[in-house]
Amino acid sequence: MRRRSLLAGMTSIAACFAIPSPLQASNDAQRERLFEALKTARTEREGRLAENAIWNWWLDQAPTIEVREAIDYGMKRREAYDFEAAEAAFDKAVEQAPDYAEGWNQRAFVRFLRDNIDGSLSDLEKAVELDPDHFAAWSGMYHVLIRMGRPEVAVSALSRAVTIHPWLKERGMLPPDPDAKRPLIKGKQQDL
């Protein structure tokens, strides 16, 4: 923990002086590798493995242990259908780390589950502003916009998600497009 605090402090100092951090360069290279693996996945299974690696990477980007704990706690409360406690945990994460896209994405999901559609859309817009490649936020935006009765914009958001993640489960919700570069849906989820 002490080492992580020291590394975080060094990263903050480097950012203040606009000095490229070796940690940031390494992080950027890892991100690039993960998204390249996702884009080039040849099978649904490879796509799922790459997606899971990106989810883990996103969660690991929490800037502090406290933010990560708030995210983890919120996810546990959401799984237990305690949406109020989940949203409170995600509120804490967003407040403590306003530049952390995953905090906004997680809160958007629980807000959607609580029928706070406007709040969910606002959070998703912030998530994709912070991370334009956040395919889950783009996909979430599709669901929110469909519920709002805005199908054209919803399809645009889902198209963006599928461009980033060709194996996205929701890709079958897009209208047929013979020129699309997305993989065809084969088999059932339990076959993967």
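Now for a description of the structure that goes with this document. These numbers were taken from a predicted model, which means no experiment stands behind them.

## Let's talk about the overall build of the chain
Stage number 1. On a plain count of helices and strands, the chain comes out with 9 helices and 0 strands.
Stage number 2. Written out in order from the N terminus, the α and β elements of the chain read α-α-α-α-α-α-α-α-α.
Stage number 3. When the 192 residues of the chain are sorted by exposure, 40% land in the buried category.
Stage number 4. As displayed, the chain offers around 11500 Å² of accessible surface, 54% of which is attributable to carbon and sulfur atoms.

## What to know about unusual backbone geometry
Stage number 1. Non-glycine residue Tyr81 carries a positive phi angle of around 65°.
Stage number 2. Within the element layout of this structure, Tyr81 appears in the loop between helix H4 (65-79) and helix H5 (83-96).
Stage number 3. Residue classification places Tyr81 among the exposed residues on the basis of a relative accessible area of 67%.
Stage number 4. Phi at Asp115 takes a positive value of approximately 65°, unusual for a residue other than glycine.
Stage number 5. Summarising the element assignment, Asp115 is placed in the loop between helix H6 (101-113) and helix H7 (117-130).
Stage number 6. Judged by relative accessible area, Asp115 falls into the exposed class, the value being 56%.

## What about the pattern of salt bridges?
Stage number 1. Summed over all chains, the structure comprises 16 salt bridges.
Stage number 2. In this structure, Asp91 engages Arg107 in a salt bridge whose closest nitrogen and oxygen atoms are separated by 2.9 Å. Placement of the pair is Asp91 in helix H5 and Arg107 in helix H6, with a sequence separation of 16 residues.
Stage number 3. Among the residues examined, Asp91 registers a relative accessible area of 31% and is labelled partly exposed.
Stage number 4. For Arg107, a relative accessible area of 10% puts it in the buried group.
Stage number 5. Because the salt bridges share partners, they merge into one network encompassing Glu87, Asp91, Arg107, Arg111, Arg114 and Asp123.

Conventions and cut-offs
Position numbers for residues start from 1 in each chain and track the written sequence from start to end. Per-residue local features are limited, in this predicted model, to residues with pLDDT of at least 70; the limit for side-chain atom pairs, both in listing and counting, is 80 or more; totals at the level of whole chains, interfaces and linings are taken over all residues. Derived side-chain values reflect all non-hydrogen atoms in the structure, with water molecules and hydrogen atoms excluded from consideration. A run of H or I in DSSP counts as a helix once it spans at least four residues, and a run of E counts as a strand once it spans at least two, with each numbered from the N terminus. Think of it in three bands: with a 1.4 Å probe and only protein chains considered, a residue is buried below 20% of the maximum accessible area for its type, exposed above 50%, and partly exposed in between. Only the protein chains shown count as cover for residues, and all accessible areas are computed by the Shrake-Rupley method using a 1.4 Å probe. Any carboxyl oxygen of Asp or Glu that lies within 4 Å of a side-chain nitrogen of Lys or Arg is treated as forming a salt bridge with it.

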